[in-house]
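Tertiary structure, described
These are the residues of each chain, in order.
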Amino acid sequence: MKIISDSFEVGSVKTAGTDIDKLMTSISLLISFVIWTILLKIVDVAEVGPKFSEVGFSTLNVAIDKMFEFNETLFRITDYLMYTVILAAAVFGIIGLIQWIKRKSFLKVDHQILLLGASYIIVIAVYFLFELIPINYRPVLFNSELELSYPSSHTMTALFVFLSAIPMVNYLVKNKTAKIIINVVLSLFAAFTVIGRFICGAHWFTDIIGGCLFAIGLLFLFLYFIDFIGEKKAQKQIANEEK
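Residues numbered from 1 in each chain as written. Predicted model: local features only at pLDDT ≥ 70, side-chain atom pairs only at ≥ 80, totals over all residues. Heavy atoms only, no water.

The helix and strand inventory of the chain stands at eight helices and zero strands. Listed by position from the N terminus, the elements making up the chain come as α-α-α-α-α-α-α-α. Burial statistics for the chain: of 243 residues in total, 42% are counted as buried. Here the contacts in the chain between residues at least 6 apart in sequence split such that 75% fall between residues at least 24 apart. (Helix = DSSP H or I, 4+ residues; strand = E, 2+ residues; numbered from the N terminus. Buried < 20%, exposed > 50% of the residue type's maximum accessible area, 1.4 Å probe, protein only. Contact = heavy atoms within 4.5 Å.)

A word on the confidence of the model for the chain. Chain-level pLDDT for the chain is 89 on average; 91% of the residues reach the 70-or-more range. Confidence scores differ between elements of the chain, with helix α1 (residues 2–5) showing the lowest mean pLDDT of 48 and helix α5 (residues 111–132) the highest of 95. This stretch, residues 10–16, has a pLDDT under 50; its non-local contacts, to residues over four places away or in other chains, come to six contacts. (pLDDT = per-residue confidence, 0-100.)

With that settled, consider the pattern of salt bridges. Two side chains that carry opposite charge are able to pair once their charged atoms sit near each other. Enumeration according to the criterion identifies six salt bridges in this entry. Between aspartate 227 and lysine 22 there is a salt bridge, with its nearest N and O atoms 2.3 Å apart. Here the residue aspartate 227 occupies a position in helix α8 (residues 205–242), and lysine 22 occupies one in helix α2 (residues 16–40), the gap between them amounting to 205 residues. Neither aspartate 227 nor lysine 22 differs from the other in exposure class; each is buried. (Salt bridge = Lys/Arg side-chain N within 4 Å of Asp/Glu carboxyl O.)

Let us look at the packing of helix α4 (residues 72–103) against helix α6 (residues 153–172). Packing of α4 against α6 brings their axes to within 10 Å, and their N-to-C directions diverge by 40 degrees. Classified by the angle between their axes, α4 and α6 sit oblique to one another. Crossing angle aside, the handedness with which α4 passes α6 is left-handed. Contacts between α4 and α6 involve Thr78, Asp79, Leu81, Met82, Thr84, Val85, Ala88, Ala89, Phe92 and Ile95 from the former and His154, Thr157, Ala158, Val161, Phe162, Ala165, Met168 and Leu172 from the latter. Residues belonging to the contact of α4 with α6 are distributed by class as follows: 13 nonpolar, four polar and one charged. (Axes fitted to C-alpha atoms, helices over the stretch in contact; angles between N-to-C directions. Parallel < 35°, antiparallel > 145°, perpendicular 65-115°, else oblique. Left-handed = near helix turned anticlockwise from the far one by under 90°. Nonpolar A, V, L, I, M, F, W, Y, C, P; charged D, E, K, R; others polar.)

Let's shift gears to α6. The end-to-end C-alpha distance of α6, which contains 20 residues, comes to 28 Å, matching closely the 28 Å that a straight helix rising 1.5 Å per residue would cover. By the criterion of burial, α6 is predominantly enclosed, with 17 of the 20 residues buried. (Expected span 1.5 Å × (residues − 1).)

Let us now look at the nonpolar core. Core analysis: the biggest nonpolar cluster contains 44 residues, and Leu116, Tyr150, Leu159, Phe160, Phe214 and Phe222 have the highest contact counts within it. Mapped onto this core, the elements with two or more residues apiece are α2, α4, α5, α6, α7 (176–199) and α8. Filtering out sequence-adjacent residues up to four positions away, phenylalanine 214 remains in contact with Leu30, Phe33, Ile122, Val123, Val126 and Met156. Counting six residues, the second-largest nonpolar core is a separate cluster that includes Leu74, Val140, Phe142 and Cys200. (Core = buried A, V, L, I, M, F, W, Y, C linked by side-chain atoms within 4.5 Å.)

In structure tokens:
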């Protein structure tokens, strides 16, 4: 997590190499997500889900699924945690709105917040995309009906929102102790959501992997553009000062 927590640290050294590393990591993870998704439709596909629904990597998924019985309590807890995801996103949205009003220009809002908002939109778009493109269904029925389960939307959303909040906290919060406490809480919430969603038995193992690949891939893309735009602004400011 160091590459995330250091991204907005004042005085940290940025190099072209570190920026490219973030970009290449992002591209690799997002391509892996696409490949993983395609493989789920062609590798070891079998009717092993509820109501004979098809599941890719069926041998692996069934073997892991048998290790965890459906735990409704844990399922509900991870559901409720999504309210904290919404709250975290709303906090940054409110900060951006206040900056917009005070600075009287949308484009004068901190680029970090604008990029974060754009990333949220991408997450929402991907969620709705997979509502239209069924990959597989949950290993359990809800109200006797099949529900789409790939990628795990809780994993994808919570992982991105909580982890992207860490550099934002480093950027916005000045008190070092407060930073540490908030970042620890964010990390724990992210880990608990992912692990809880996995072991509660409401998802196939491959659903969780897909959600992680996309969320972390988008996270590194977000971090790359934060640094890229920040460096461009710094160069422009230096050039203006030299005139």
